[in-house]
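Report on the structure
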Amino acid sequence: MNSEKWWQNSVGYQIYPRSFQDSNGDGIGDIKGIINRLDYLVELGIDFIWINPIYQSPNVDNGYDISDYEAIQPEYGTLADVQDLITACHQRHIKVLFDLVVNHTSDQHPWFVEALKGKDNPYHDYYLFADSTEEAPPNNWESFFGTSAWEYVPHLKQSYLHIFAKQQPDLNWKNAKMRTEIYEMIRFWLNLGLDGFRLDAISHIQKKNWAVPMDKDDKWRNFMNVPGIEQYMSELKEIFDEYHILTVGEASGVSSKKAPEWTGEKGYINMIFELEHNLKTGSKGHEVIDIPRYQDVIYRWQRDQLTHGWNALYIENHDNPRAATIFNTTSPSAIKTLALSYLLLRGTPFIYQGQEIGMTNFPFAAIEQFDAVDAKLQYHEALKAGINSKQALNRIGRLSRDNSRTPMQWDNTKNAGFSIGDPWLPINPNWSHLNIAQEKANPDSVLSFYKKLIQLKKSDPAFGIGQINIFTAYPGQFIFERTGPHNSYLVIANLSDRNASIPPQISTNYEGGAVLLSTDQNTITTTIRPGTGLVIQKG
Ligand code: ISL
Ligand code: CA
């Protein structure tokens with residue numbers, strides 16, 4: 001058996017820097033703010049953090065449009081602050097991952113500014129231009145944000161490809177000089193002492209030929225894990241290996257079957273954030289997570305990476321609405337059960353800021369309250385299609401990425417302790433009773449449960465590279481055993497509307513075993529009610 005890696009027994013925490021902690025009263029979270037809150041993360045039991053982009057950016061897509069890869073966005077701080085952050089984290093045994101955004105740059109990046117100067121400019125080939133007219137783009141591809149993937153440039157009589165916003169032109173990975181510059185930039189950051197990267201939209205860096213039309217039923221397949229990507233991933237891997245860093249790829253389009261090739265011993269990266277389980281069901285404005293689908297997807301990824309490969313586990317991030325809302329749960333026990341459904345699976349769990357106290361969606365009432373570029377685009381497209389503004393708001397509000405981007409709710413002082421100034425995005429009105437200080441003081445809170453759960457995850461390699469045995473016959477009920485060299489544990493997280501119980505074939509092993517953790521102080525192991533769960537150690 002392969003030896004255990006540090007990240008296999010670790011818990012990660014995602015920081016959305018703009019909304020984590022403001023240190024200077026401008027209403028925007030910053031690097032010093034993160035440093036000020038590190039002791040909270042130590043208390044929570046976090047081993048590493050992933051911070052969303054803090055590079056220089058015009059902020060069309062909140063930092064995912066980078067105009068200088070080697071400069072820090074001034075509102076977040078300076079390079080010296082980054083060095084302080086890395087030191088402060090390492091003193092506390094917390095490792096630091098940055099976001100690496102190399103599918104595209106900002107349209108304000110000097111490379112793109114040069115590229116627009118003419119077809120002969122050396123930087124023109126750093127991007128993906130194709131001859132076209134204004135009326136007829138090079139093909140019918142759509143961007144992820146719902147518009148054409150092409151933007152016309154009149155003076156060049158060409159269009160450039162952008163699979164996200166038009167201010168995010170895609171880089172041409174076929175250009176070796178461009179790749180070399182990217183690789184130098186990666187080394188620049190690793191030389192500062194970073195411990196790893198989350199690789200943004202990495203499966204999109206290779207594109208199909210422009211002649212291949214978009215398939216309406218599989219819209220993104222012309223830029224998702226397209227053959228030829230292997231060479232670029234191998235080149236990246238060489239650098240990652242040289243620095244022994246941790247890499248987590250946002251790699252949609254890499255199937256669970258193919259995942260071990262990406263994340264196994266010889267893979268390009270250490271783990272993948274699959275996006276499949278995020279799919280929602282229900283009418284517009286009322287969407288919820290499809291529990292059976294969530295379960296199927298999670299189980300399939302567990303099964304397909306059982307012996308080779310490794311999973312990144314998560315239920316929230318900065319691109320999705322809040323889990324408590326989207327799983328339609330309000331009771332603390334159900335929110336804890338949700339945590340239990342994923343955090344002890346085989347893989348490395350991530351917690352998104354605020355998830356650990358059960359933060360909820362924001363009650364949006366006006367378009368001015370939104371910030372996310374996709375929300376605004378979709379709102380205006382809806383108005384164009386003749387939908388009235390109230391309906392349009394309703395449509396985008398529930399799933400909007402802004403739901404998870406509202407400021408952290410630290411305590412019940414002004415602005416929830418996030419900032420003494422005006423926050424850049426409104427604070428959720430439930431902050432006065434839903435905040436970290438309050439939950440810290442309550443041993444039965446969601447936060448207290450997360451702390452115990454994290455401790456348990458790290459207490460025994462059974463929850464790291466230990467075996468997993470999933471009982472698949474129980475829809476909506478997450479029932480699995482984790483087994484290490486010394487102990488076995490049974491996890492039951494009941495997200496169905498029927499009672500759950502210990503599967504008969506293992507009941508003699510666990511009935512009478514010690515209940516290590518329960519979502520509702522329940523010690524009765526025979527009937528596990530809907531919205532509750534527990535962990536039992538084999539007797
Ligand atoms: O592949 C997708 C859907 O099947 C897309 O969701 C895509 O992979 C994802 O949206 C990429 O998100 C990341 O890159 C974006 C940025 O806006 C997001 O915040 C980030 O997480 C562009 O950089
Ligand atoms: Ca600030």
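Everything quoted here is computed from the prediction, not taken from an experiment.

1. Notes on the overall build of the protein chain
Counting its secondary structure elements, the protein chain contains 15 helices and 20 strands. Dimensions along the principal axes, computed over C-alpha positions, put the protein chain at roughly 75 × 50 × 50 Å. In the protein chain, 64% of the contacts between residues at least 6 apart in sequence involve partners at least 24 apart.

2. Brief notes about the packing of helix H11 (residues 373-384) against helix H12 (residues 389-397)
Relative placement of two packed helices is described by the angle separating their axes and the distance separating the axes. Where H11 contacts H12, the axes come no closer than 9 Å and their chain directions differ by 145°. Handedness of the H11/H12 crossing: right-handed. Side by side, H11 and H12 meet where Ala-375, Gln-378, Tyr-379, Ala-382 and Leu-383 of the first sit next to Ser-389, Ala-392, Arg-395 and Ile-396 of the second.

3. Regarding the domain arrangement of the protein chain
Here the protein chain is partitioned into domain 1 (6-105 + 175-363 + 428-448), domain 2 (110-161) and domain 3 (466-537). Here domain 1 and domain 3 have C-alpha centroids that lie 29 Å from each other. Contact with domain 1, which involves 17 residues of that partner, is made by 16 residues of domain 3. Only helix H8 (291-304) and helix H10 (332-343) provide two or more residues apiece to the side of domain 1 that touches domain 3. A total of 7 residues in the side of domain 1 that touches domain 3 trace back to one element, the largest contributor, which is H10. By residue class, the composition of the side of domain 1 that touches domain 3 is 8 nonpolar, 7 polar and 2 charged.

4. Section: the sheet that holds strand E5 (residues 95-100)
If you walk across this open sheet you meet the 8 strands as E11-E10-E9-E5-E2-E1-E15-E14, and the pairing is parallel. Only two strands of the sheet have a single partner each, and these edge strands are strand E11 (271-273) and strand E14 (312-313). The pairing of E5 with strand E9 (residues 196-199) spans 4 bridges and is parallel. Opposite Asp-99, over in E9, you have Arg-198 as the bridge partner.

5. Topic: the UniProt feature "domain: Glycosyl hydrolase family 13 catalytic" (unreviewed entry) in the protein chain
Per the UniProt annotation, the sites labelled "domain: Glycosyl hydrolase family 13 catalytic" (unreviewed entry) are residues 14-405. Within residues 14-405, the helical portion is 30% and the strand portion 14%, while the C-alpha atoms at the span's ends are 12 Å from each other.

6. Describing the sheet that holds strand E20 (residues 533-537)
Each strand in a sheet pairs with its neighbour through backbone hydrogen bonds, running either in the same direction (parallel) or in the opposite one (antiparallel). One open sheet holds the 5 strands; their spatial order is E16-E17-E18-E20-E19, and the pairing between them is antiparallel. Because the sheet does not close on itself, it has two edges, and the strands there are strand E16 (467-470) and strand E19 (514-518). Each strand axis lies, on average, 20° off the axis of its neighbour in the sheet, ignoring direction. Looking at chain direction, E19 and E20 are connected through 4 bridges and run antiparallel. Directly across from Ala-514, in E20, lies its bridge partner Gln-537.

7. Here's the deal with the environment of Thr-329
Inspection of the secondary structure assignment puts Thr-329 in the loop between helix H9 (323-326) and H10. Here Thr-329 falls in the buried class, since 21 other C-beta atoms lie within 10 Å of it. Between the C-alpha atoms of Thr-329 and Thr-360, which are 31 residues apart in sequence, the distance is 9.9 Å.

8. Looking at the nonpolar core
Among the nonpolar cores identified, the biggest contains 141 residues, and Ile-49 and Val-491 are the most heavily contacted of them. Ignoring any residue separated from it by four or fewer positions in sequence, one finds Ile-49 in contact with Gly-12, Tyr-13, Ile-15, Leu-41, Cys-89, Ile-94, Val-96 and Leu-97.

9. Some details on the pairing of strand E15 (residues 348-352)
Within E15, 5 of the 5 residues are buried, leaving the element largely enclosed by the surrounding structure. Alternating residues of E15 divide into Thr-348, Phe-350 and Tyr-352 and Pro-349 and Ile-351, and every residue in both groups is buried. Across 3 bridges, the pairing between strand E1 (residues 12-15) and E15 is parallel. By the bridge assignment for E15, Gln-14 is matched with Tyr-352.

10. Comments concerning the confidence of the model for the protein chain
When the pLDDT values of the protein chain are averaged, the result is 96; 99% of them are 70 or greater. The spread of mean pLDDT over the elements of the protein chain runs between H12, the lowest at 89, and E1, the highest at 99. For this predicted complex, the interface score ipTM comes out at 0.96, alongside a pTM of 0.97.

11. A closer look at helix H14 (residues 446-459)
For H14, which comprises 14 residues, the first-to-last C-alpha distance of 20 Å matches the rise-based estimate of 20 Å (1.5 Å per residue) to within 8%. Listing the buried residues of H14 in full gives Val-446, Leu-447, Phe-449, Tyr-450, Leu-453, Ile-454, Leu-456 and Lys-457.

12. Comments concerning the site of ligand 1
Among the 13 residues in the neighbourhood of ligand 1, the closest are listed as Asp-61, Tyr-64, Phe-164, Ala-201 and Ser-252. Residues that form the shell around ligand 1 fall into these classes: 7 nonpolar, 2 polar and 4 charged.

13. Concerning the pairing of E16
As paired strands, E16 and strand E17 (residues 477-483) are joined by 4 bridges and run antiparallel to one another. Looking at the pairing, Ile-470 lines up with Phe-480 of E17.

14. Focus on the environment of Thr-147
As for its position among the elements, Thr-147 is in the loop between strand E6 (129-131) and strand E7 (150-153). The exposure class of Thr-147 is partly exposed, given the 18 C-beta atoms found within 10 Å. Taking the C-alpha atoms as reference points, Thr-147 and Lys-390, 243 residues apart in sequence, are found 22 Å from one another.

15. Description of helix H6 (residues 229-243)
The terminal C-alpha atoms of H6, which comprises 15 residues, lie 22 Å apart, in line with the 21 Å expected from a rise of 1.5 Å per residue. Among the residues of H6, those classed as buried are Ile-229, Met-233, Leu-236 and Phe-240. All buried residues of H6 fall inside an arc of 65° around its axis, so they share one side. Away from the buried face of H6 by more than 90 degrees, exposed residues Gln-231, Ser-234, Glu-238, Asp-241 and Glu-242 are located. The elements touched by buried residues of H6 are strand E10 (246-250). Once H6 ends, the next one or two residues include His-244, with phi positive near 50°.

16. Observations concerning the packing of H10 against H14
It is at 10 Å that the axes of H10 and H14 come closest, and there the two elements cross at 20°. In terms of their interaxial angle, H10 and H14 are classed as roughly parallel. For the pair H10 and H14, the sense of crossing is right-handed. From H10, Pro-332, Ile-335, Lys-336, Ala-339, Leu-340 and Leu-343 reach across to H14, where they touch Val-446, Phe-449, Tyr-450, Leu-453 and Lys-457. Its residues assigned to classes, the contact of H10 with H14 comprises 9 nonpolar, no polar and 2 charged.

Calculation criteria
Residues numbered from 1 in each chain as written. Chains lettered and ligands numbered in written order. Predicted model: local features only at pLDDT ≥ 70, side-chain atom pairs only at ≥ 80, totals over all residues. Helix = DSSP H or I, 4+ residues; strand = E, 2+ residues; numbered from the N terminus. Contact = placed C-beta atoms within 7 Å. Axes fitted to C-alpha atoms, helices over the stretch in contact; angles between N-to-C directions. Left-handed = near helix turned anticlockwise from the far one by under 90°. Domains from an automatic or database assignment. Nonpolar A, V, L, I, M, F, W, Y, C, P; charged D, E, K, R; others polar. Pairing = 2+ DSSP bridges. UniProt positions renumbered as here; feature names shortened; annotations may be inferred. Buried ≥ 20, exposed ≤ 12 C-beta atoms within 10 Å, placed from the backbone. Core = buried A, V, L, I, M, F, W, Y, C linked by C-beta atoms within 7 Å. pLDDT = per-residue confidence, 0-100. Expected span 1.5 Å × (residues − 1). Near = placed C-beta within 6 Å. Arc of directions from axis to C-beta. Parallel < 35°, antiparallel > 145°, perpendicular 65-115°, else oblique.

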